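# Residue-level structural notes
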Amino acid sequence: MFIIGELINGMDQRVAAAIKEKNKDFIRSLARKQVDAGADALDVNCGPASRDAAGDMRWLVETIRKEASCVLCLDSTKPEAIEAGLEASAHKCVINSTSADISRLEVYCAMAKKYKAFLVALVMDRKGVPQDKDGKLELAAQILNFAQENGFPLDELYLDPILLPINVAQNQLFGILELIKDFKSLSTPAPKTLLGLSNVSQGSKKRKLINRTFLVMASAYGLDAAILDPLDQELTRSLITSELILNKSIYCDDFISAYNKSKNI
Amino acid sequence: MADELKLLEKWSLKVHEVKLGAGPSAGGSREIIFNIGGQSSFPFLFKEGDIPNRPLIAAEVLDCVEDDWPVGLRTDLASVSKDPVEWARKMASDSGADLVCLKLQGLHPDLGNKPVKDAMALVEAVLKNIKTPLIILGCGSADKDNEVLPAISEATKGERLLFGDVVSENYKTLAAACIADGHNIIAESPIDVNIAKQLNILLSDIGMPLDRIVINPTIGALGYGLEYAYSIMERAKSAALAGDKMLAMPFICFVGQESWRAKEAKVSLNDFPQGGNARMRGIMWEVVTAMAMVEAGADILTMRHPEAIKIVKSAITDLMKR
């Protein structure tokens, strides 16, 4: 699975403070720790408190790039912030995210093509998040149609089924798992799928247990990428083990060490 | 072309490239050196990835020959089989073999129990008489191999030879010597991809660089488990190409040893009239086994019969034409 480290996020007060004080060491160290723990990519989110989202995004990307050349997942609701990040990054990025609204798809698809970035599309539109599976599938089809008509490579598109907390929408979680599988049958080549994992346990106790249980289940349904805390060792070890059980990697007695060595950790 | 391209696989990892032999500038004395591995596709699928190196053939040379050698080998190798130095020289210069694989089976307590100094003298003489890199195999007795092979490793320091085999139960002594003396190592697993991977991790844990390991997946000859070996190699290779660095090593396949053990390669015309000429039958058993291993992804084939070596070398040359 493609692991996107979630820790550089302005929702976290320490990160928000580091952005405000332009504390490069803090951000670089947070980037390094996540890459060393096995993150394939890093999510970069300046948070809702940012007054200059584009400026903060540019500063974050430039700061991280001094430390890591991995994929950066530029996470913002503001197109100007995403574009600032794309401009500042010399390496591959993920645009996180567009919705199914045609006006937003037009802006972000063009941006992704211009900067050769991956694109995350949330299955929601200006009316909000559909409450049922069919509503989400319909929006997913709309997104894929748009991508196909506009020549965007479908296997560089990540569909996000939008994971809501277990204490808010418990009855939707199994549907999310089914969507991960169903999205794949909507087009050839199939789109990829992505989740912001920690949402599932927002506001709950035993967050880590809920996160890792859901991740293992989502892995079994074919999830391609997740935004998660790569420093949570039990979480990453559960994921490594799930991929063994799914026959995605070859078993050996020291399989955790094998995974880490294969990733140069 | 566009439709064809849609069917091509894209792989994310290359097999580690292993260097065999070192010339004078790199601390050795070899005039010919080779690279093996380095490919980013299954064998001969040139449109799917790079295949920078062709499979090599190592002529098997033994320091002592059993009395019951099959007729094909006994007659055609009669002039050299008592003199391993001349045998190695002749195979390296005349048969088309790329390099030599010297098996020191006479060290075995049951096969002569030769002293260490004899083995060391033999290796030194063979190295003087060939220009190519050398593969050196022990006798299979762990105690004797752990005594002799590290001594040979030290005496040939810097030559970047290929030593074998280590197994999960006995790898530390020879691996430590090869690490210290700059040699490559053969990691053997019993037709088992899980054990192959585990042994590579163990070797890596004690400091063996991944680009100095060659996997011996253990093969069976035609009719003796060849398909099973093929499937294990294919599985390891597909995992490697998909990103598993701990399985991304070149393969060495002991074709000669296995195919000349097959009943069909050994029995006489009288005992097996429907099998035809015994000599040619043995040669073809070795050729067919070798070709299956080439298609399975072998990077080195060790072979015995000069005629079989010529046929397989020519077939490899054809397959490498893009």
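All of the points below concern the structure found in this document. (Residues numbered from 1 in each chain as written. Chains lettered and ligands numbered in written order. Predicted model: local features only at pLDDT ≥ 70, side-chain atom pairs only at ≥ 80, totals over all residues. Heavy atoms only, no water.)

## Some details on the overall build of chain B
In plain terms, the rule: We count a stretch as a helix when DSSP gives it H or I for four or more residues in a row; a strand needs E for two or more, and each element gets its number in order from the N terminus. We compute the radius of gyration from the C-alpha atoms alone; for a globule the expected value is 2.2 Å times N to the 0.38, where N is the number of residues. Think of it in three bands: residues with accessible area under 20% of the maximum for their type are buried, residues over 50% are exposed, and the middle band is partly exposed, with areas taken using a 1.4 Å probe on protein chains only. A contact between two residues is defined here by any heavy atoms of the two lying within 4.5 Å. Where accessible areas are quoted, they stem from the Shrake-Rupley method and a 1.4 Å probe; at the residue level, only the protein chains shown are allowed to cover. Positive: Lys, Arg. Negative: Asp, Glu. His and the chain ends are not part of the count. Taken as the charge location is NZ of Lys, CZ of Arg, CG of Asp or CD of Glu.
Counting its secondary structure elements, chain B contains 12 helices and 10 strands. Over its C-alpha trace chain B gives a radius of gyration of 19 Å, about what one expects of a compact globule, namely 20 Å for 322 residues. For chain B, the spread of C-alpha atoms along the principal axes amounts to about 60 × 50 × 35 Å. For chain B, the residues scored as buried account for 56% of the 322 residues in total. Within chain B, contacts between residues separated by at least 24 positions form 71% of all contacts whose residues are at least 6 apart in sequence. Accessible surface, chain B: about 13300 Å² in total, of which carbon and sulfur atoms supply 53%. Across chain B, the centroid of the 35 positively charged side chains sits 4 Å from that of the 43 negatively charged ones.

## Side note on the packing of aromatic side chains
All names here are of chain A. For clarity, the cut-off: Each pair of aromatic rings taken from Phe, Tyr and Trp, with Trp reduced to its six-membered ring, is defined by centres within 6.5 Å and is described as stacked if the planes are under 30 degrees apart, edge-to-face if over 60, and tilted in the remaining cases. The criterion for a charge sitting over a ring is simple: Lys NZ or Arg CZ within 6 Å of the ring centre, and within 35 degrees of the ring normal.
Counted under the stated rule, the structure contains six aromatic pairs over all chains. Summarising the aromatic geometry, the rings of Phe-118 and Tyr-158 are spaced 5.9 Å apart at their centres and angled 90° between planes, so their arrangement reads as edge-to-face. Taken together, the residues Phe-118 in strand S5 (residues 118-122) and Tyr-158 in strand S6 (residues 157-160) connect sequence positions 40 residues apart. Tyr-158 gets classed as buried once you look at its relative accessible area, which sits at 7%. Sitting over the face of the ring of Trp-59, Lys-22 holds its NZ or CZ atom 5.2 Å from the ring centroid. Positioned over the ring face of Phe-118 is Lys-92, at 4.5 Å from the centre of the ring.

## Some remarks on the pairing of strand S8 (residues 213-216) of chain B
Residue and element names in this part refer to chain B. Going by this rule: Here, strands pair whenever DSSP counts at least two bridges between them. Look down the strands so they point away from you; if going from the first strand over the helix to the second traces a clockwise path, that crossover is right-handed.
Burial along S8 is two-sided: Ile-213 and Ile-215 facing one way and Val-214 and Asn-216 facing the other are all buried. Direction of pairing for strand S7 (residues 184-188) relative to S8: parallel, over a ladder of four bridges. Within the sheet, the bridge partner assigned to Ala-187 lies in S8 and is Ile-215. Following the chain from S7 across helix H7 (residues 193-205) to the adjacent parallel S8, one finds a crossover that is right-handed.

## Describing the sheet that holds S8 of chain B
Residue and element names in this part refer to chain B. Put simply, the test is: Interaxial angles span 0 to 180 degrees and are taken between N-to-C directions of axes, which are lines fitted to C-alpha atoms, for helices over the stretch in contact.
Spatially, eight strands are ordered S8-S7-S6-S5-S4-S3-S10-S9 in an open sheet, and the strand pairing comes out parallel. Each edge of the sheet is formed by a strand with only one pairing partner; in this case those strands are S8 and strand S9 (252-254). Going from strand to strand, the sheet's axes swing by 25° on average, the running direction of each strand aside. Here strand S5 (residues 134-137) pairs with strand S6 (residues 162-166) via three bridges, running parallel. Looking at S6, one finds that Ile-135 is bridged to Leu-162.

## Concerning the interface of chain B and chain A
For clarity, the cut-off: The buried area of a pairing is the accessible area, by a 1.4 Å probe, that goes missing from both parts when the two are put together, added over both. One side-chain nitrogen of Lys or Arg within 4 Å of one carboxyl oxygen of Asp or Glu is enough to make a salt bridge. Counted as a polar contact is a pair of N or O atoms within 3.5 Å, where, for protein atoms, one must be capable of donating a hydrogen and the other of accepting one, and residues adjacent in sequence contribute only when both atoms are in side chains. Polar here means any residue other than Ala, Val, Leu, Ile, Met, Phe, Trp, Tyr, Cys and Pro, which are nonpolar, and Asp, Glu, Lys and Arg, which are charged; Gly is therefore polar.
Of the residues lining the interface, 15 residues belong to chain B; the matching set on chain A comes to 11 residues. For the pair chain B and chain A, the two sides together bury roughly 1100 Å², of which 48% comes from carbon and sulfur. Area buried by chain B at its contact with chain A is led by Lys-197, Gln-198 and Lys-245 of chain B, which between them contribute 39% of it. Counting across the interface, chain B meets chain A through one salt bridge. Ionic pairing is found between Asp-205 of chain B and Lys-261 of chain A, a salt bridge with its closest N-O pair at 2.8 Å. The interface formed by chain B and chain A holds 11 residue pairs in polar contact (both at pLDDT 80 or more) in total. Contributing elements (two or more residues each) for the side of chain B that touches chain A: H7 and helix H8 (226-241) of chain B. Ranked by the residues each element gives to the side of chain B that touches chain A, the list is headed by H7 of chain B, at eight residues. When its residues are assigned to classes, the side of chain B that touches chain A shows six nonpolar, four polar and five charged.

## Topic: the nonpolar core
Inclusion rule: Each nonpolar core is a collection of buried residues, namely Ala, Val, Leu, Ile, Met, Phe, Trp, Tyr and Cys, held together in the definition by side-chain atoms within 4.5 Å.
Grouped together as the largest cluster of nonpolar side chains are 88 residues, with contacts concentrated most on Leu-104, Leu-134, Leu-203, Met-293 and Leu-301 of chain B. Sort the elements by how many residues they give to this core and helix H11 (residues 278-296) of chain B lands first, with nine residues. Contact partners of Leu-203 of chain B, with chain neighbours within four places excluded, come to Val-166, Tyr-171, Ala-175, Ile-185, Ala-187, Met-208 and Ile-213 of chain B. Ranked by size, the runner-up nonpolar core spans 51 residues in total, among them Ile-8, Trp-59, Ala-112 and Leu-144 of chain A.

## Describing the packing of helix H2 (residues 24-36) of chain A against helix H3 (residues 53-65) of chain A
Residue and element names in this part refer to chain A. This is how the line gets drawn: The labels follow the angle: roughly parallel below 35 degrees, roughly antiparallel above 145, roughly perpendicular from 65 to 115, and oblique for the rest. Take the far helix as the reference: if the near one is turned anticlockwise from it by less than a right angle, the crossing is left-handed, and if turned clockwise, right-handed.
H3 packs onto H2 with a crossing angle of 60° between their chain directions and a minimal axis gap of 9 Å. Here H2 is positioned oblique relative to H3, judged by the angle of their axes. Once H2 is placed against H3, the crossing between them reads as right-handed. Residues Lys-24, Ile-27, Arg-28 and Ala-31 of H2 pack against Trp-59, Leu-60, Thr-63 and Ile-64 of H3.

## Quick look at the layout of surface pockets
Put simply, the rule reads: We place a 1 Å grid over just the protein atoms. Points where a 1.4 Å probe fits but has no way out form a cavity, open points with protein on both sides within 12 Å along at least 5 of 7 lines form a pocket, and any residue with an atom within 4 Å of a point lines it. Grid points are joined across faces, edges and corners, and a volume is the space filled by probe spheres set on the points.
Of the voids in this model, the largest pocket is the one considered here, and its volume is about 1800 Å³. Taken together, 46 residues make up the lining of the largest pocket; nearest its centre are Met-1 of chain A together with Ser-12, Ala-242, Gly-243 and Asp-244 of chain B. Put simply, the parts of the chain that give the lining of the largest pocket at least two residues each are H2, helix H9 (233-245) and helix H10 (255-262) of chain A together with helix H1 (2-7) and H8 of chain B. Per-element tally for the lining of the largest pocket: the top contributor is H10 of chain A, with four residues. In this structure, the second largest pocket encloses a volume near 1200 Å³. In this structure, the second largest pocket is lined by 39 residues; those nearest its centre are Asn-9, Met-11, Asn-45, Asp-75 and Asn-199 of chain A. Contributions of two or more residues to the lining of the second largest pocket are made by strand S4 (93-98) and helix H8 (207-220) of chain A.

## Section: the pattern of salt bridges
All names here are of chain A. Evaluated as defined, the whole model comprises 28 salt bridges over all chains. A salt bridge links Asp-101 to Arg-126; its shortest N-O distance comes to 3.8 Å. Here Asp-101, found in the loop between S4 and helix H5 (102-114), pairs with Arg-126, found in the loop between S5 and helix H6 (133-149); they are 25 residues apart in sequence, far enough to count as distant. By relative accessible area, which is 67% here, Arg-126 ends up exposed. Through salt bridges that share partners, Arg-28, Arg-32, Asp-36 and Glu-67 make up one connected network.

## Observations regarding the side chain of Asn-200 of chain B
Tracing the backbone shows Asn-200 of chain B in helix H7. Excluding anything up to four places from it in sequence, Asn-200 of chain B contacts Ala-187, Ile-213, Ile-215, Met-246, Leu-247 and Met-249 of chain B.

## What about the sheet that holds S4 of chain A?
Strands pair in a sheet through their backbones, by hydrogen bonds, and they do so in one of two ways: parallel or antiparallel. Within the closed barrel, the eight strands sit side by side as S1-S2-S3-S4-S5-S6-S7-S8 (chain A). Their pairing is parallel. Within this sheet the neighbouring strands show an average axis-to-axis angle of 25°, counted without direction.

## Re the packing of helix H3 (residues 84-94) of chain B against helix H4 (residues 116-129) of chain B
All names here are of chain B. Between H3 and H4, the least distance of the axes is 9 Å, while the angle of their chain directions is 30°. Between H3 and H4, the angle falls in the class roughly parallel. Crossing angle aside, the handedness with which H3 passes H4 is right-handed. Counting all contacts with H3, which are made through Pro-84, Val-85, Ala-88 and Arg-89, the residues of H4 involved are Leu-122, Ala-125, Val-126 and Asn-129. For the contact of H3 with H4, a count of residues per class yields six nonpolar, one polar and one charged.

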